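An overview of the molecular structure
The primary structure of each chain is shown beneath.
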Amino acid sequence: MSVSFPVSSESSSPNSGGNPIETIQVNQQTHLALALKTAKMVAWSVDLKTWEVRWSDQPEVVFGFPPNSFSNTLEFMVTLVHPDDREKAVAAVERAIRGEANYELEFRLLHPAGHVVWVYDQGEVQRDAAGNPLYLVGVAQNIHRRKQTEVEQSRIEQELRHANHRVTTVLESMTDAFVAVDRDWRIIYVNQTTAQMNQVSPEELVGRSHWEVWSAAVGTICEENYRRAMADQIPVHFEYFYPARQRWYEIHAYPSPEGLGVYYRDINDRKQAEQRLQQQLAEIEAIYQSAPIGLNVLDTD
């Protein structure tokens, strides 16, 4: 049932000679009603002797229900609550009546069209001088749009977690080392291969400066290429001899607005094989150039 805010039946205004107190009360009630409507809220009270429910406005409008969907009895109102939420709703009312806690909860109403409407309900018990409960009064708010946003946000976050898990799984299964740094060159991620190459745990690297961890690369072509990739937002690919370990690495660096991702692999064995081959070719060339007679290379087949 719908009841209006109590106001004086006599017209009063500052210029009509009416009671200024009544005028202030009328204005306050008008502002309150407007605030409740704007916030999609409705005030209510429950007589704890008769269980009669009274509303400050039409709750059907606030919650998007057909006209006259709501009753003035608490028993009927409970039937509109989603079955999965009824037990906690009744328990919240009982706790408030016993004085154990204020009444506050979020629950779903069953709309006649088959969907649910989320409600935030809050109230407190008014008692007589002896402490006996008389009324449960409060406000209910339509929070369905907020809940839809929260559900969508939760879905997006779950998809991101799954995507991150898939990416992490790939990175951790790689034989290449991988390092990610932010725009301040702080390490934000390393895979296990990187940690093993550096004989530390990933946790010992994350959060530190790249140039602190690999200080021997400062002032080298490695730093030059990394900074160029970051500044120009272009990928770079190069081979680099890291003096601190006396080993060759093949490096791919890919920039993003958030920082730089670096993949590198140890190619020291390959480089040594190439150097041996070059040395052998050089020796053959030297013999050929210094020979007093011509040399022929014959295919025995």
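For the structure, see preceding data.
What you see is a predicted model, and the numbers here were worked out from it, not measured in a lab.

With that settled, consider the overall build of the chain. Secondary structure assignment for the chain yields 10 helices and 10 strands. Looking at the chain as a whole, 32% of its 301 residues are labelled buried. If you take every contact in the chain between residues at least 6 apart in sequence, the share linking residues at least 24 apart comes to 41%. Taken as a whole, the chain presents about 19500 Å² of accessible surface, with 53% of it coming from carbon and sulfur.

Attention now moves to the pattern of salt bridges. A full pass over the atoms with the stated rule returns 16 salt bridges. Between R155 and E159 there is a salt bridge, and its shortest N-O distance comes to 2.5 Å. In this pair, R155 and E159 both sit in helix α5 (residues 144-173), four residues apart, roughly one turn of the helix. A single salt-bridge network, built from bridges that share partners, covers E106, R146, K147 and E150.

With respect to the helices and strands, the residue H82 is situated in the loop between α3 (74-80) and α4 (83-98). Looking at H82, its side chain comes within polar contact range of the main-chain nitrogen of D84, at 3.0 Å. When near neighbours in sequence (up to four residues on either side) are disregarded, H82 contacts R108, L110 and V116.

This part covers the pairing of strand β5 (residues 133-142). Relative to β5, strand β1 (residues 41-47) runs antiparallel, the two being bridged by seven bridges. Each residue of the ladder has a partner; that of V46, found in β5, is L136. Direction of pairing for strand β4 (residues 116-127) relative to β5: antiparallel, over a ladder of nine bridges. Considered in β5, the bridge of V119 is made with N142. Where β4 folds back onto β5 in an antiparallel hairpin, the turn is made up of five residues, including G131, whose phi is positive at roughly 90°.

Direction of pairing for strand β6 (residues 177-182) relative to strand β7 (residues 187-190): antiparallel, over a ladder of three bridges. In the sheet register, A180 faces β7, and the bridge partner there is Y189. The loop that links β6 with its antiparallel partner β7 comprises four residues; one of these, W185, has a positive phi angle of about 70°.

Attention shifts here to the sheet that holds β4. Read from one edge to the other, the open sheet built from five strands follows the order β2-β1-β5-β4-β3, with strand pairing classed as antiparallel. In this open sheet, the two edge strands, each paired with only one partner strand, are β2 (53-55) and β3 (103-110). With direction set aside, neighbouring strand axes in the sheet form an average angle of 30°. Pairing analysis gives eight bridges linking β3 to β4, with the strands arranged antiparallel. Across the sheet, E106 pairs through a bridge with Y120, a residue of β4. Sitting on the sheet, α4 touches β3, β4 and β5, and the angle it makes with β3 is about 155°. Where α5 meets the sheet, it contacts β3, β4 and β5, and its direction lies at approximately 125° from that of β4.

This part covers unusual backbone geometry. Notably, W51 is not glycine yet its phi reads approximately 60°, a positive angle. In this structure, W51 sits in the loop between β1 and β2. Residue W51 is classed as partly exposed on the basis of its relative accessible area, which comes to 37%. Positive phi, normally seen in glycine, also occurs at Q233, with a value near 55°. Structurally, the position occupied by Q233 is in the loop between α9 (221-232) and β8 (236-242).

A separate point is empty space enclosed by the protein. As enumerated under the stated definition, the model contains one cavity of 30 Å³ or more in all. Its volume calculated, the largest cavity comes out at about 200 Å³. What lines the largest cavity is a set of 15 residues, among which W214, Y226, Y242, I251 and Y264 lie closest to the centre. Broken down by secondary-structure element, the contributors of at least two residues to the lining of the largest cavity are α6 (192-198), α9, β8, β9 (247-256) and β10 (259-266).

This next bit is on α4. The end-to-end C-alpha separation of α4 is 24 Å, in line with the 22 Å expected for 16 residues at 1.5 Å each. Considered for burial, the residues of α4 that qualify are D85, A89, A92, V93 and A96. One side of α4 carries all its buried residues, which in axial view fall inside an arc of 95°. Facing away from the buried side of α4 by more than 90 degrees, the exposed set consists of E87 and R98. Looking at the buried side of α4, the elements it contacts are β3, β4 and β5.

So, how was this worked out
Residues numbered from 1 in each chain as written. Predicted model: local features only at pLDDT ≥ 70, side-chain atom pairs only at ≥ 80, totals over all residues. Heavy atoms only, no water. Helix = DSSP H or I, 4+ residues; strand = E, 2+ residues; numbered from the N terminus. Buried < 20%, exposed > 50% of the residue type's maximum accessible area, 1.4 Å probe, protein only. Contact = heavy atoms within 4.5 Å. Areas by Shrake-Rupley, 256 points an atom, 1.4 Å probe, with all protein chains shown as cover. Salt bridge = Lys/Arg side-chain N within 4 Å of Asp/Glu carboxyl O. Polar contact = N/O pair within 3.5 Å; in protein donor to acceptor, adjacent residues only side chain to side chain. Pairing = 2+ DSSP bridges. Axes fitted to C-alpha atoms, helices over the stretch in contact; angles between N-to-C directions. 1 Å grid on protein atoms, 1.4 Å probe; cavity = no way out; pocket = protein on both sides within 12 Å on 5 of 7 lines; lining within 4 Å. Points joined across faces, edges and corners; volume = space filled by probe spheres on them. Expected span 1.5 Å × (residues − 1). Arc of directions from axis to C-beta.

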